Every structure is written in C-alpha cells, then in structure tokens.
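# Chains, contacts and geometry: an overview
Chain by chain, the residues run as shown.
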Amino acid sequence: MSLLQRAELAPADPILGLTEAYNKDERTDKVNLGVGVYLDEDGKLPLMAAVREAQQRYLAKGLAHGYLPIDGLPAYREAVRDLAFGTEVDSSRIVTVEALGGTGALRIGADMLRQLAEESTVLVSDPSWENHRALFTRAGFTVDSYRYYDQDARGVDFDGTLASLRAAEPGTVVVLHACCHNPTGYDLTDEQWDRVVDLIAERELFPFIDMAYQGFGAGLEQDGAVVAKFVAKGLSFLLSTSYSKNFGLYGQRAGALHAVCADADEAARLLSQLKAIVRTNYSNPPAFGAHVVATILADDALRAQWADELEHMRVRIATLREQLVAGIEAAGVTDMGFIAQQRGMFSYSGLTTQQMVRLRDEYGIYGTNAGRLCVAALNDGNLAHVAAAIAAVRA
C-alpha cells in the first residue's frame, strides 16, 4: 500500500473554502464578503498608482531573476523595519526577516518559538483569525484563548482580557492584533493598550503582535503606535507585518517577521536561527514584491502618493460601513449601527450561523459562519442587495 493512501480528506479552509463555493455559484448577483481583499468602486482589485510606478521602474532595469539572501532583500528589510518601528529605535537589537506574507512571518516565528520554548502555551483572542489557531497548532503548540469580544456589549471584553492574561503562566505566548482586529473590527483604546503592556510585563508573558492592516484603522502612525508601547516598555517580542492589503500586493506574498531583542548579541544569535528555519522551509523569499515596497518607501514622492492612496482606501471603508448601516436601517432593522463603529476591513455582524447560511443559500452573499463580513468588498453595485439581504435574514 502506498503511504499516500493514508491521507484523509482535510476540511476546507473556512475562508478560502467560501471562495471556492462562491466561484461555483452561477447567480449573477452573488457577492463574496468572505475573503479579506480590498476592492475598488468598480468591484475590482485595484493596482495602486504608486505600486504601478514602482514596478515599472524595477522592470525597466531589466534585471535577471537572481536569488535573494535567505533573510530577504536588504533594502526591503530596512524599509519595512523603519515603517513598523520608526527611525529612532536602536536598530541593532531588531531582527527583520522577509517572509511569505504575514502568514509566513507568523509561521517562521512560531517555528522559532517552538524551538526555544516547546513547553509554552499560545493564547489567541476569542475570537481570532481562524488561521492563528491552526497555524500555531500545526507548529506543535497547545493553543488556548483569552477573552476578547463581548457579544452583548458589541465591543471588547476588556475586563475579561485582563483576567485571562493575569491567569496565564509566565512564558505564555500571547498573539495580539495591533489594529483592525480580525474578525471583530473592535480595537483596544490607547489607555487599554497601556494596561495590557504593563500586565504582559508584570506576568512575564511573551507578546507576538500581528499587524496585517496598518493604515486601515485610524491611519498609518496611529495603527502602528502599539508597537512603540512595547518597545518603550523594554520588552522583547515578535511582530509580523504584511503588505498584501496596504500595498495591494496580495499575490506577491510580501511580509516580514521582526524580533525585538535585548541587545545586538542576542539579535545576531536569533537571526542565525531564523535563517536556518527559512533555509529549510523555502530557502529564500521572492524578490518582486520586496523591490516594489522598497522602491516606494525609499522615494519621498512615491511614499507620499502611496500614503494618500491608502488613506483614500481607509476613509472609503469607513464610508461603506455607514452606508451599509443606513441601507439596513432603511430596510427596517435599526439595531446594527455598531457596524459603523468598527475598524478595518471586516465587520463582526452579529449574524448567527443560521442567518449566514441563509445569506449564502437564498441571496448568494458569502461570509463566514461566525458572521464576519468583508466591508472592503462592498461597492455601489452590491451594497443595496447586501443591506436588504441582511435585513431579510434578521427579520
């Protein structure tokens, strides 16, 4: 018997499986609000003007497609490190490794932590992005959760968060969303972050921050402010960053893992371990997306253009939230105004699994069974249909 015959059928990914079902749906008014992709006013994936210019500059050089170093393009690593941490931080104690998107950065970090502290437990927020639990479980960790969302209050269960962290054992790895919490859209306030940082330091927990949506919440600087809080506290931590959303480079898998260490010596040792993990997984990262990001962040004019485009996207998403609420209210449901108070690409709609199934079966609108909807996929052509359908399943 072949070893391959032992393979069992794995369940479909809860998000990507929705897209597969959506693609098979023959209805012309179907809407995919499951996958986290920003679509423009015409319902298409946009190519940002700054990205178009940067890629044209790179292609005009006519360079051969050589390998990058194991840890990635040096100019890219420096540029994204400065984007995440600013230029005032002691860079000698920060390790930055180019990764295959934010997911790749999380997995590199998970594998490294598993080597260093295999006995640790990982805590993810309840709820969290579905892949967080799956990824750390695959890496060999026992994964538990900390309280985060208060369904009745439509917001963060902050007392529950503090209680969960206070009960965690020293050395526990805590996965935190820097901004635009996925899937709820509810973020901690500035003052709440201060208390979380203090408690993590007090309890000797290890933070692993996931920042996949910088610029989509309150703005580039505001969304990244939590990183500075951990640095100022003197903590060592990991940070995963993704440039899929804020540069529109979904298919280029541009991401990075950053590690803030105690000193330069510790950073050098950690880098050697991360490079060994990368080498034995995929050897070295892709080049094109890294060159595009590095080109934009190194050019003042391109960087300003990119920031303006990102701000347009952020404001448009906030406007779509307001329009969705208005459409639902016009259809007779008046208790979903909380959608406009959430941040980022996603809305935790409060719809039940049964209601989400009805949205798919009866109206061709695809979102996760947990009630998460991608607001960034709405536009003038589908918003009225979505609003009316939500009101109908709520009736």
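Before reading on, note that the structure itself is shown above.
In what follows, the accompanying structure is described. Residue numbers restart at each chain and count upward from 1, following the sequence in its written direction. Under the rules for a predicted model, residues below a pLDDT of 70 receive no local features and side-chain atom pairs below 80 are neither given nor counted, while totals for whole chains, interfaces and linings still include all residues. Only hydrogens and water are set aside; all other atoms, that is, all heavy atoms of the structure, feed into the side-chain values.

### A closer look at unusual backbone geometry
How we decide: Helical segments are the DSSP runs of H or I of at least four residues, strand segments are the runs of E of at least two, and each set is numbered from the N terminus.
Pro 127 follows Asp 126 through a cis peptide bond whose omega is 5°. Within the secondary structure, Pro 127 is located in the loop between strand E3 (121-126) and helix H5 (130-138). Pro 183 follows Asn 182 through a cis peptide bond whose omega is 25°. Structurally, the position occupied by Pro 183 is in the loop between strand E7 (173-177) and helix H7 (190-203). Located in the positive-phi region is Arg 253, a residue other than glycine, with phi close to 55°. One can find Arg 253 in the loop between strand E9 (237-242) and strand E10 (254-260).

### A closer look at the packing of aromatic side chains
What characterises a pair of aromatic rings is the spacing of the ring centres plus the angle enclosed by the ring planes. The line we're drawing: Working definition: a ring pair exists when centres of Phe, Tyr or Trp rings (six-membered ring for Trp) sit within 6.5 Å. Plane angles under 30 degrees give stacked, over 60 give edge-to-face, the rest tilted. Our definition puts a charge over a ring when NZ of Lys or CZ of Arg is within 6 Å of the ring centre and also within 35 degrees of the ring normal.
Within this structure, the stated rule accounts for 13 aromatic pairs. Ring geometry for Phe 230 against Phe 237: centres 5.6 Å apart, planes inclined by 50°, an arrangement best described as tilted. Taking the ring centre of Phe 141 as reference, the NZ or CZ of Arg 114 above it sits at 5.7 Å. Seen from the ring of Phe 346, Arg 372 lies directly overhead, with NZ or CZ sitting 3.7 Å from the centre.

### Things to note about the pattern of salt bridges
Put simply, the rule is: What counts as a salt bridge is simple: a side-chain nitrogen of Lys or Arg found within 4 Å of a carboxyl oxygen of Asp or Glu. Only protein chains enter the calculation, and the probe is 1.4 Å; a residue is then buried if its accessible area is under 20% of its type maximum, exposed if over 50%, and partly exposed in between.
What the rule picks out here adds up to 15 salt bridges. Between Glu 41 and Arg 316 there is a salt bridge, with the nearest N and O atoms lying 3.6 Å from each other. Here Glu 41 is found in the loop between strand E1 (31-32) and helix H2 (49-60), whereas its partner Arg 316 is found in helix H12 (residues 300-330), with 275 residues between them in sequence. Residue class for Glu 41 comes out partly exposed when judged on its relative accessible area of 42%. Residue Arg 147 pairs with Asp 157 through a salt bridge whose shortest N-O separation is 3.3 Å. Here Asp 157 lies in the loop between strand E6 (155-156) and helix H6 (158-167) and Arg 147 lies in strand E4 (residues 142-147), a separation of ten residues in the sequence. Exposure remark for Asp 157: the relative accessible area of 17% places this residue in the buried category.

### Some points on the side chain of Lys 245
Test applied: In this tally, Asp and Glu contribute negative charge and Lys and Arg positive charge; neither His nor the terminal groups of the chain are included. Any two residues whose heavy atoms approach within 4.5 Å are treated as being in contact.
Relative to the helices and strands, Lys 245 is located in the loop between E9 and E10. Although Lys 245 lies buried, it forms no salt bridge, and the closest oppositely charged side chain, Asp 210, sits 8.9 Å away as judged by the N-O distance. In this structure Lys 245 touches Gly 36, Ala 212, Tyr 213, Phe 216, Tyr 250, Met 313 and Met 345, once residues within four positions along its chain are discounted.

### With respect to helix H4 (residues 101-116)
Put simply, the test is: The span expected for a helix works out to 1.5 Å for each residue beyond the first.
With 16 residues, H4 extends 23 Å between its outermost C-alpha atoms, agreeing within 8% with the 22 Å of an ideal straight helix rising 1.5 Å per residue. Of all the residues in H4, the buried ones are Gly 101, Gly 102, Gly 104, Ala 105, Leu 106, Ile 108, Gly 109, Ala 110, Asp 111, Met 112 and Leu 113.

### A short note on the state of the cysteines
Put simply, the rule reads: By disulfide we mean two sulfur atoms from cysteines, separated by a distance within 2.5 Å.
A complete count under the given rule lists zero disulfides for this structure. Here Cys 179 stays free of any disulfide, with the sulfur of Cys 180 as its closest cysteine sulfur at 4.2 Å. Judged by relative accessible area, Cys 179 falls into the buried class, the value being 5%. The exposure class of Cys 180 is buried, given its relative accessible area of 3%.

### Things to note about the pairing of E7
To keep things clear, this is the line we draw: When DSSP finds two or more bridges between a pair of strands, those strands are recorded as paired. Throughout, right-handed denotes a crossover for which the path from the first strand over the helix to the second runs clockwise when the strands point away from the viewer.
Within E7, five of the five residues are buried, leaving the element largely enclosed by the surrounding structure. Residues Val 173, Val 175 and His 177 line one face of E7 and the alternating positions Val 174 and Leu 176 line the opposite face, and both faces are buried. Across five bridges, the pairing between E7 and strand E8 (residues 206-211) is parallel. Among the inter-strand pairings, His 177 is bridged to a residue of E8, identified as Asp 210. Handedness of the crossover joining E7 and E8 through H7 is recorded here as right-handed.

### Quick notes on the pairing of E8
In terms of burial, E8 is a largely internal element, five of the six residues being buried. Judged from the four bridges that link them, E8 and E9 form a sheet pairing that is parallel. Looking across to E9, one finds that Asp 210 is bridged to Ser 240.

### Concerning the environment of Val 143
With respect to the secondary-structure elements, Val 143 resides in strand E4. Not counting residues within four places of it along the chain, the set of residues in contact with Val 143 comprises Val 122, Val 124, Arg 133, Phe 136 and Thr 137.

### Focus: the side chain of Ser 242
Test applied: The definition of a polar contact used here is a pair of N or O atoms within 3.5 Å, where within protein one atom must be able to donate a hydrogen and the other to accept one, and adjacent residues in sequence count solely through side-chain atom pairs.
With respect to the element layout, Ser 242 can be found in strand E9. Ser 242 gets classed as buried once you look at its relative accessible area, which sits at 6%. At 3.2 Å, the side chain of Ser 242 forms a polar contact with the backbone nitrogen of Ser 244. Ignoring anything within four residues of it in the chain, the contact list for Ser 242 reads Gly 102, Met 211, Ala 212, Ala 254 and Gly 255.

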